[in-house]
Amino acid sequence: MLRLALRLAALALILAAAVVLFSRWRPFNFSALRETRLSSGADVLGVRGLDRLYTSFTLVPVLTENMGLRKRDLLRDMLPFVPKPTEKIMGGCKRTFEVAFGYDGLERLIALGKEPGGICGGALPPPAILDINGVEMQSFGRDDGACALWDQDRPLLEARLTEVLETHGLYAEIQARGREALAGVAEAFCR
Amino acid sequence: MKIPSRFQLLAAIALAVLALLAGCRNGEQSSQRLEEEIRGLAVTHSTRVAGLTMDVLLTKIYATPHWILSDDIYMRTDKVSLIYGFELPEKAISVEMTGGQGVLRVRARNARGRISVNRGSLRTMTNYGDYRLTVNEERDGRVRPVIRDIDEEFNREIDRLEEKYRAKNLEAAKNNLHAFFSLLAARHGLKLSLEFTDD
């Protein structure tokens, strides 16, 4: 009887080791927060130009999330005739960016203001992203190397930042604020 | 050529003096008019560019890994808006004529860093509904789990960010005012003298 129990225990241990080594769950690949402070050299808001109007400055975290099964769900996932557990967020990477919004070429906007489609006619363009600077990177949980790639492609990064701001209902606010500042300039100069 | 009489001479001098006085008065009036016009424009519109809002999406992640027991994660995102800028009271804007050259003088007053803070919690996310927001602390010689004060941790982080970015934001607000008043002065053929004061 004892021998049988020992054999079963050994089998269970071998099975558990196999699960750990070869399965997609990788329960040991779980880290606490790892943080890297970055300085890309770009200085957001540091470019002083008389022709530039800053309307908003934002700190935006961009999250890359890895989904998976929790340790407490592993057994349930293996059992037959039991509903499979759903995947949850298990880790990822958080990258924080400084983003400056505003208008470049203020003088040109005013000079062309009275042309059709100019700011004097009330056609106020939305503020553009003037500068982006990555400041911080933090991996958490099962990151699976999510922090290894840093978005370098500016249009893609801009689209991702816009998406995050939209998700949190901030993008419309930033646009409205920018347009209001530009309207102030237009009213002062379109006479 | 007929020599003008003493009376004619006196009348001519009096007329010249009157004309000069009238000219000065006209100059004064036009300078006053310009000052009023510019002050009106500036006070109405420059306030829209004198402030800069910093929006912070602050996400804090709490992960309590245990090599066997847990891989729980808790995330919370708050939105914070900090407004920085300068005050432009009506008296801070004046037009002076010196040596035939008009000078637009502006004294913007620092609004002492942030003007206001709006804050709200946007999203919390966890992979475990009963996530325990605790931290181990030593009390009376024993290590015990204590509930974390997340609000306090967020407040501390906001203070740190506010401190870090205050100078940069005020610099950008200065840039905006400089851009606005430079264009305004150039449009009216004036020189610009822009000062930023702390009083």
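Residues numbered from 1 in each chain as written. Chains lettered and ligands numbered in written order. Predicted model: local features only at pLDDT ≥ 70, side-chain atom pairs only at ≥ 80, totals over all residues. Heavy atoms only, no water.

A. Focus on the overall build of chain B. The secondary structure content of chain B amounts to two helices and seven strands. Secondary structure elements in chain B, listed N-terminal to C-terminal, are α-β-β-β-β-β-β-α-β. Here chain B holds 199 residues, and the buried ones make up 41% of them. Considering only contacts in chain B between residues 6 or more positions apart, those separated by 24 or more positions represent 73%. Carbon and sulfur atoms form 52% of the exposed surface of chain B, whose accessible area is close to 11600 Å². (Helix = DSSP H or I, 4+ residues; strand = E, 2+ residues; numbered from the N terminus. Buried < 20%, exposed > 50% of the residue type's maximum accessible area, 1.4 Å probe, protein only. Contact = heavy atoms within 4.5 Å. Areas by Shrake-Rupley, 256 points an atom, 1.4 Å probe, with all protein chains shown as cover.)

B. Molecular detail of the overall build of chain A. A tally of regular secondary structure across chain A gives five helices and four strands. Ordered by position from the N terminus, the helices and strands of chain A form the series α-β-β-α-β-α-β-α-α. Summed over all atoms, the accessible surface of chain A reaches about 10100 Å², with 60% contributed by carbon and sulfur.

C. Summary view of the packing of aromatic side chains. Here the structure, examined in full by the defined rule, presents six aromatic pairs over all chains. Relative to A:Tyr171, the ring of A:Phe101 has its centre 6.4 Å away and its plane inclined at 65 degrees; by these criteria the two rings are edge-to-face. With A:Phe101 in strand β3 (residues 88–103) and A:Tyr171 in helix α5 (residues 171–189), this residue pair connects regions lying 70 residues apart in the sequence. The exposure class assigned to A:Tyr171 is buried, which follows from its relative accessible area of 18%. Ring geometry for A:Phe189 and B:Phe180: centres 5.7 Å apart, planes at 70 degrees, overall edge-to-face. Here the residue A:Phe189 occupies a position in helix α5, and B:Phe180 occupies one in helix α2 (residues 150–187), the pair thus bridging two chains. By relative accessible area, A:Phe189 is classed as buried at 3%. One aromatic cluster in this structure is built from A:Phe189, B:Phe180 and B:Phe181. Taking NZ or CZ as reference, A:Arg72 lies 3.6 Å from the ring centre of B:Tyr128, over its face. Taking NZ or CZ as reference, B:Arg76 lies 4.5 Å from the ring centre of B:Phe154, over its face. (Phe/Tyr/Trp six-rings, centres within 6.5 Å; stacked < 30°, edge-to-face > 60°. Lys NZ or Arg CZ within 6 Å of the ring centre and 35° of its normal.)

D. Examining the interface of chain A and chain B more closely. Taken residue by residue, the interface counts 59 residues in chain A and 47 residues in chain B. At the boundary of chain A with chain B, total buried surface from both sides reaches about 4600 Å², with 61% on carbon and sulfur atoms. At the boundary of chain A and chain B, one finds five salt bridges. The shortest N-O distance in the salt bridge between A:Arg142 and B:Asp71 comes to 2.9 Å. Where chain A touches chain B, the interface holds 16 residue pairs in polar contact (both at pLDDT 80 or more). Counting residues per element, the ones that place at least two in the side of chain A that touches chain B are β1 (31–37), β2 (53–68), α2 (71–78), β3, α3 (106–111), β4 (128–141), α4 (154–167) and α5 of chain A. (Buried area = accessible area lost by both parts, 1.4 Å probe. Salt bridge = Lys/Arg side-chain N within 4 Å of Asp/Glu carboxyl O. Polar contact = N/O pair within 3.5 Å; in protein donor to acceptor, adjacent residues only side chain to side chain.)

E. Main features of the state of the cysteines. Residues and elements named next belong to chain A. Throughout the structure, instances matching the rule amount to two disulfides over all chains. A sulfur-sulfur separation of 1.9 Å characterises the disulfide bridge that pairs Cys93 with Cys147. In this structure, the disulfide formed by Cys93 and Cys147 twists by about 95 degrees around the S-S bond and is classed as right-handed. With Cys93 in strand β3 and Cys147 in the loop between β4 and α4, the pair connects residues that are 54 residues apart, well separated along the chain. With relative accessibility at 13%, the residue Cys147 sits in the buried group. Here Cys120 connects covalently by a disulfide to Cys190, the sulfurs 1.9 Å from one another. Judged by the torsion about the S-S bond (-75 degrees), the Cys120/Cys190 disulfide is left-handed. Note that Cys120 is positioned in the loop between α3 and β4 and Cys190 in the segment after α5, a separation of 70 residues in sequence. Along chain A, the cysteines engaged in disulfide bonds are linked according to the scheme 1-3, 2-4 when indexed in sequence order. (Disulfide = S-S within 2.5 Å.)

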